[in-house]
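Here's the letter readout for the chains.
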Amino acid sequence: MKLAAFLRKNSFLLLLVALFVLSDFLISMWDPMVTSRRFYKNDFTKTLFHHNGLDHGPVFFGNSAVTGAYIENESKSGLIELGLSYGKPSDLKAMLEQKLFHVEDELVIGIDVHTMIDSLDTDPTYQWFKPWYQPYVYTYRDYFRDSGQELACALYQGLLKQDASQLKGCAAYPETLKLSETNPLAYQPRWIDKELYFGQKSDDELKKKWVEYDQRFGWMSQADFKDNVQAMDWILSYAKEHQLKLRVIWMPWNKAYELPRYMPALKEDVNRKLAAYNVPVLDVMQTYDRKYFHDLVHLSRQEGAPVFTKEVDAWLLSLAKSSK
């Protein structure tokens, strides 16, 4: 009786909750953050987009250093470039645990001077960060607000440019608003390509960036990499269990500038773990000259990336031949 009375008394509120849960479920099934060009796309979603939704295969994983250095369509290795902005081993672990991508046959991991830093913020829109219990609309509320504002602007006459592709939002409102009769659903497709690095920064810019890096990270010790070192332990076990050919590359650093102080000890620790699993390692961290770089950690797309891609191909080919 008490339950029935409670339901009658709160029926309207319960109905609203049920409608919200249902609508959120339907929106999550649609998954506009992945499927709709109206919404921001993270680097994981961009990878899937550029491979026609393919979510399995051999992978070259890492952060933006991998994205900038490895030219997939010029490589003969067959690896899918899965570089993520601020990507870390903990991201790869979460991705594999949640079966968001199925690595097959070969897994190459690129580690640069920032890849193992636990406190370096990763893109919060990566799919593995969303708790199962958190509403979809709440998780991506900022992006729904951004796209919703754009849609509201497009609905009214006077707010659309002649070329809908130039629509940037509501810069100013006309004195009289009326519904658009031309293209009320116009929108600016969100950027779907990953960031690449062209040209070269000046020495003054690089010196400032080195000082910034040193202030932010130079003081770090092994305790600041604990979570990602543990994630590497998990990945090593996962690769062995799933019979993946795991390879690790220490990614290029602009050797015209001093290597971050924490790197020697970090490399020694990680290399010791890799050796225990007989994981092949290619160390090119301090082999590339200044002329190949855009900045301190990203190779120039024109000068450095083609050289790096060929070197990786040659190394992987040599490993394949030696294993036969």
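The structure under discussion appears in the preceding block.
Residues numbered from 1 in each chain as written. Predicted model: local features only at pLDDT ≥ 70, side-chain atom pairs only at ≥ 80, totals over all residues. Heavy atoms only, no water.

Visitor: Explain helix H12 (residues 304-322) to me, please; I cannot follow it from the model alone.
Guide: Over its 19 residues, H12 runs 27 Å from end to end, which matches the ideal 27 Å to within 8%, given 1.5 Å per residue. Gly304, Ala305, Phe308, Thr309, Val312, Asp313, Trp315, Leu316 and Leu319 are the residues of H12 that are buried. When H12 is viewed along its axis, its buried side chains cluster within an angular range of 165° and face the same direction. Facing away from the buried side of H12, by more than 90 degrees, are the exposed residues Lys310, Lys321 and Ser322. If you follow the buried residues of H12, they end up packed against strand E1 (56-62), helix H5 (64-69), strand E3 (102-111), strand E4 (245-250) and strand E5 (281-283). (Helix = DSSP H or I, 4+ residues; strand = E, 2+ residues; numbered from the N terminus. Expected span 1.5 Å × (residues − 1). Buried < 20%, exposed > 50% of the residue type's maximum accessible area, 1.4 Å probe, protein only. Arc of directions from axis to C-beta. Contact = heavy atoms within 4.5 Å.)

Visitor: Honestly, empty space enclosed by the protein in this entry has me stumped. Any pointers?
Guide: Empty pockets left among the atoms are what a rolling probe the size of a water molecule brings to light. Enumeration over the complete set of coordinates arrives at 1 cavity of 30 Å³ or more. Size it by volume and the largest cavity reaches roughly 60 Å³. The wall of the largest cavity is formed by His114, Trp210, Tyr213, Asp214, Phe217, Gly218, Trp253, Pro260, Arg261 and Tyr262. Partitioned by chemical class, the residues of the lining of the largest cavity number 6 nonpolar, 2 polar and 2 charged. (1 Å grid on protein atoms, 1.4 Å probe; cavity = no way out; pocket = protein on both sides within 12 Å on 5 of 7 lines; lining within 4 Å. Points joined across faces, edges and corners; volume = space filled by probe spheres on them. Nonpolar A, V, L, I, M, F, W, Y, C, P; charged D, E, K, R; others polar.)

Visitor: How should I be thinking about the pairing of E4 in this particular structure?
Guide: Within a regular strand, side chains alternate between the sheet's two faces. Most of E4 is tucked away: 5 of the 6 residues are buried. Strand direction decides the pairing type here: E3 and E4, joined by 6 bridges, are parallel. Bridging from a neighbouring strand, Leu107 pairs with Leu246 of E4. Across 3 bridges, E4 lies against E5 in parallel orientation. Paired with Ile249 across the two strands is Leu282, which belongs to E5. Between E4 and its parallel partner E5, the chain crosses via helix H11 (residues 263-276), and the hand of that crossover is right-handed. (Pairing = 2+ DSSP bridges. Right-handed = clockwise from strand over helix to strand, strands pointing away.)

Visitor: Please explain the pattern of salt bridges as it appears in this structure.
Guide: Once their charged atoms are close, side chains differing in charge can pair, the charge on each being opposite to the other. The full count for this structure, using the stated rule, is 16 salt bridges. In this structure, Arg261 and Asp214 form a salt bridge, with 2.9 Å as the shortest nitrogen-oxygen distance. Highlighted residues: Arg261 in the loop between E4 and H11 and Asp214 in helix H9 (residues 203-217), separated in sequence by 47 residues. The exposure class assigned to Arg261 is exposed, which follows from its relative accessible area of 51%. In this structure, the salt-bridge partner of Lys255 is Asp289, at a minimum N-O distance of 3.1 Å. Within this pair, whereas Lys255 is found in the loop between E4 and H11, its partner Asp289 is found in the loop between E5 and H12, the two being separated by 34 residues in sequence. (Salt bridge = Lys/Arg side-chain N within 4 Å of Asp/Glu carboxyl O.)

Visitor: Would you explain the sheet that holds E3 in this entry?
Guide: Working definition: the strands of a sheet are paired by backbone hydrogen bonds and lie parallel or antiparallel to each other. In spatial order, the strands read E2-E1-E3-E4-E5; together these 5 strands make up an open sheet with parallel pairing. Looking at the sheet topology across the chains shown, the edges are occupied by strand E2 (80-83) and E5. If you compare each strand with its neighbour and ignore which way they point, the axes differ by 20° on average. (Axes fitted to C-alpha atoms, helices over the stretch in contact; angles between N-to-C directions.)

Visitor: When you look at the packing of aromatic side chains in this model, what are you seeing that I'm missing?
Guide: In this description, a pair of aromatic rings is defined by centroid distance and the angle of the planes. Evaluation of the coordinates by the stated rule reveals 16 aromatic pairs. On the basis of an interplanar angle of 80° and a centroid distance of 5.3 Å, the ring pair of Phe44 and Trp128 is categorised as edge-to-face. One end of the pair, Phe44, is in helix H4 (residues 43-50); the other, Trp128, is in the loop between E3 and helix H7 (136-139), and 84 residues separate them in sequence. Using a relative accessible area of 2% as the deciding quantity, one classes Phe44 as buried. The class of Trp128 is buried, set by a relative accessible area of 6%. Grouped by ring-pair contacts, the aromatic residues Phe60, Tyr70, Tyr288, Tyr292 and Phe308 constitute a single cluster. Here Lys46 stacks its cationic end above the ring of Trp191, 4.1 Å away from the centre of that ring. One Lys or Arg, Arg141, reaches over the ring of Tyr138 and ends 4.0 Å from the middle of that ring. (Phe/Tyr/Trp six-rings, centres within 6.5 Å; stacked < 30°, edge-to-face > 60°. Lys NZ or Arg CZ within 6 Å of the ring centre and 35° of its normal.)

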